[in-house]
Amino acid sequence: MQNFQHITPPLRLYHGPDSLTHLGRELDRIKSQRAVVVCGDWLAKGPLFERIRTALGARCAGVYGEVLGHSPVASVEDAAALLRRVEADAVIAVGGGSAIVTARAASILAAEGKPVSELCTVTEADGRLRSPKLAAPKLPQFIVPTTPTTATVKAGSAVFDPASGQRLAMFDPKTRAQSVFIDPEMILSAPRGLVASASINTLSMAIEGLTSRSHDAIAHGALMQALRLLAQHLPQAARADDAAVRGQLVLAAILCGQGTDHTAAGITTVLGHAIGARHEIENGTVNAIVLPHVLRFNAEAAAAGMAQVAAALDLQRSATQTPEQHVVETLASLFDELAVPRRLRDVKVPRESLPETAALAMGDWFLKGNPRPVREAAELQQILEEAW
């Protein structure tokens, strides 16, 4: 019998055509009268925003409609300034991962009154990672997702510093979503490519969670169901715009986000972080490229977890292939069907950037969850070279 603990944060989730009708009621439940919407300009200036405004009624105190991909620090600081200026009492994040992270991170900056550099996880002189305690109360978070992103249910907020090329990660459980509203018109607003990329990121995280060193059977059950939903619905989502299919992918992302809170992640997630923002590439695209190489690197240490992945993907036992080989072959077929690039060079990642990328990745909090310990940057660089 293995030791583990499983504590599930509260979440109120609404799914379906009537979901947004509950937003006002949820805000009334916390007596909110000055909510701020955080979203991208495409939404703030588009016809769909009227659905959000109608749901909010007179409770809307402001709109930050300038969210940028990968949540750069300056954008987050601007959103935090708006929250303070209008004395917001709730935040409504509408969009994909960048909108959700920007809303969370802005709430942290507005409450703590310090720069990101003083609030983010740092690497100590001895190599250990330290995450500061963020004690100030935070604004309640409400989320209307447009993509199937695991960010919906997370407590971490990683923002991008263009000056250093680093992701600065802040962690505060008080910024977890209180309520999530999965509205069919909102999730149909995202381009198919973005839906596919976000879902590949979910798939990668679910695999890494199952192959991590965790022994949390409840989390593993959530991750296996997430993989089943992805395997069934992701190919369909790439071919047609179907609200029911996309809704299942959003549920898969939520299951994965909750599950990986208890299992951690690994090298694929870390390399996605290190490459994505610096080279303006979706994390899911990077994940698809590096995941097969990471699975081979972890094969021996992750054998038990890989058997669970194979079971979730409904792969039959093979007399000629290991579970790892069978999974890699299946993923390659899926990524080919989705027309995902297969090499880092195909997405314009310069080969000369690989050593620096590997060095940056060594400071990522998620690396400690990898089933095979990574002791030096050269190991990550080797994986990057294979993927290049």
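The structure displayed is predicted, hence computed values, not measured ones.

A. The arrangement of the pairing of strand β9 (residues 166-171) in detail. Where strand β8 (residues 156-161) and β9 come together, six bridges link them in antiparallel fashion. For Phe160, the partnering residue across the bridge sits in β9 and is Arg167.

B. Layout of the packing of aromatic side chains. Per the counting criterion, the structure on display carries one aromatic pair. Stacked on the ring of Phe297, the Lys or Arg Arg372 has its end atom at 3.7 Å from the ring centre.

C. Here's a closer look at helix α13 (residues 323-337). With 15 residues, α13 should cover 21 Å at 1.5 Å per step; its first-to-last C-alpha distance of 21 Å lies within 8% of that length. Looking at the buried residues of α13, the elements they touch are α7 (192-210), α8 (217-239), α11 (283-298) and α12 (303-312). With its phi angle positive at about 60 degrees, Ala339 sits one or two positions after the end of α13.

D. View of a negative patch on the surface. Residues Asp41, Glu66, Glu77 and Asp78 make up a contiguous surface patch of negative charge. Assignment of secondary structure puts Asp78 in helix α4 (residues 73-85).

E. Here's a closer look at the pattern of salt bridges. Throughout the structure, instances matching the rule amount to 17 salt bridges. For Arg12, the salt bridge is made with Glu26, and the minimal N-O distance between the two is 2.9 Å. Here the residue Arg12 occupies a position in strand β1 (residues 12-15), and Glu26 occupies one in helix α1 (residues 23-29), the gap between them amounting to 14 residues. Classification of Arg12 by relative accessible area gives partly exposed; the value is 36%. Among the salt bridges present, the one from Glu112 reaches Lys138, with a minimum N-O distance of 2.8 Å. A residue pair is termed long-range when its members are at least 10 positions apart, and Glu112 in helix α5 (residues 97-112) and Lys138 in the loop between β6 (129-130) and β7 (141-145) qualify at 26 residues. Residue class for Glu112 comes out buried when judged on its relative accessible area of 17%. Its relative accessible area of 12% is what places Lys138 among the buried residues. One salt-bridge network, held together by shared partners, links Glu112, Lys138, Asp172 and Lys174.

F. A look at the side chain of Asp364. Structurally, the position occupied by Asp364 is in the loop between α14 (354-361) and α15 (377-387). One polar contact links the side chain of Asp364 to the main-chain amide nitrogen of Phe366, over a distance of 2.9 Å.

G. Quick peek at unusual backbone geometry. Although it is not a glycine, Lys31 adopts a positive phi angle of roughly 60 degrees. Here Lys31 lies in the loop between α1 and β2 (35-38). Judged by its relative accessible area of 68%, Lys31 is exposed.

H. Region of the structure containing the sheet that holds strand β3 (residues 60-64). Pairing is parallel in the open sheet, where six strands are placed in the order β1-β10-β7-β4-β2-β3. The open sheet terminates on both sides in strands that have one partner only, identified here as β1 and β3. The mean inter-strand angle of the sheet, taken between neighbouring strand axes irrespective of direction, is 15 degrees. In the sheet, β2 pairs with strand β4 (residues 90-95) via four bridges, with the strands oriented parallel. Bridged to Ala35 within β4 is Ala90. Across the sheet, α4 touches β2, β3 and β4, and the angle it forms with β3 is around 165 degrees.

I. The arrangement of the nonpolar core in detail. Val36, Val38, Leu83, Leu109, Val116, Val159 and Met170 are the most contacted members of the largest nonpolar core, which totals 39 residues. Looking at this core, the elements with two or more residues in it are β2, α4, β4, α5, β9, β10 (177-182) and α9 (243-263). Residue contributions to this core peak at eight residues, all from α5. Residue contacts for Met170: discarding those within four places in its chain leaves Ala105, Ile108, Leu109, Val116, Leu119, Cys120, Leu134, Ala155, Gly156, Ser157 and Val159. Within the second largest apolar cluster, 36 residues are counted, among which are Leu249, Ala288, Val309 and Leu313.

J. Highlighting the packing of α7 against helix α10 (residues 267-279). The N-to-C vectors of α7 and α10 enclose an angle of 140 degrees; their axes lie 8 Å apart at closest approach. Here α7 is positioned oblique relative to α10, judged by the angle of their axes. The residues of α10 that touch α7, namely those facing Ser204, Met205 and Glu208, are Ile267, Thr268 and Thr269. Each residue belonging to the contact of α7 with α10 can be placed in one class, and the counts come to two nonpolar, three polar and one charged.

K. Fine view of the packing of α11 against α15. The N-to-C vectors of α11 and α15 enclose an angle of 130 degrees; their axes lie 9 Å apart at closest approach. The angle between the axes of α11 and α15 places the two elements in the oblique class. Along this stretch, α11 crosses α15, giving a crossing that reads as right-handed. Facing Ile289, Val290, His293, Val294 and Phe297 of α11, the residues of α15 in contact are Glu379, Ile383, Glu386 and Ala387. Counted by class, the contact of α11 with α15 contains six nonpolar, one polar and two charged residues.

Definitions and cut-offs
Residues numbered from 1 in each chain as written. Predicted model: local features only at pLDDT ≥ 70, side-chain atom pairs only at ≥ 80, totals over all residues. Heavy atoms only, no water. Pairing = 2+ DSSP bridges. Helix = DSSP H or I, 4+ residues; strand = E, 2+ residues; numbered from the N terminus. Phe/Tyr/Trp six-rings, centres within 6.5 Å; stacked < 30°, edge-to-face > 60°. Lys NZ or Arg CZ within 6 Å of the ring centre and 35° of its normal. Expected span 1.5 Å × (residues − 1). Contact = heavy atoms within 4.5 Å. Patch = residues over 30% accessible without salt bridge, like charges linked within 9 Å, V, L, I, M, F, W, Y side chains within 5 Å. Areas by Shrake-Rupley, 256 points an atom, 1.4 Å probe, with all protein chains shown as cover. Salt bridge = Lys/Arg side-chain N within 4 Å of Asp/Glu carboxyl O. Lys, Arg positive; Asp, Glu negative; His and termini not counted. Charge placed at Lys NZ, Arg CZ, Asp CG, Glu CD. Buried < 20%, exposed > 50% of the residue type's maximum accessible area, 1.4 Å probe, protein only. Polar contact = N/O pair within 3.5 Å; in protein donor to acceptor, adjacent residues only side chain to side chain. Axes fitted to C-alpha atoms, helices over the stretch in contact; angles between N-to-C directions. Core = buried A, V, L, I, M, F, W, Y, C linked by side-chain atoms within 4.5 Å. Parallel < 35°, antiparallel > 145°, perpendicular 65-115°, else oblique. Nonpolar A, V, L, I, M, F, W, Y, C, P; charged D, E, K, R; others polar. Left-handed = near helix turned anticlockwise from the far one by under 90°.

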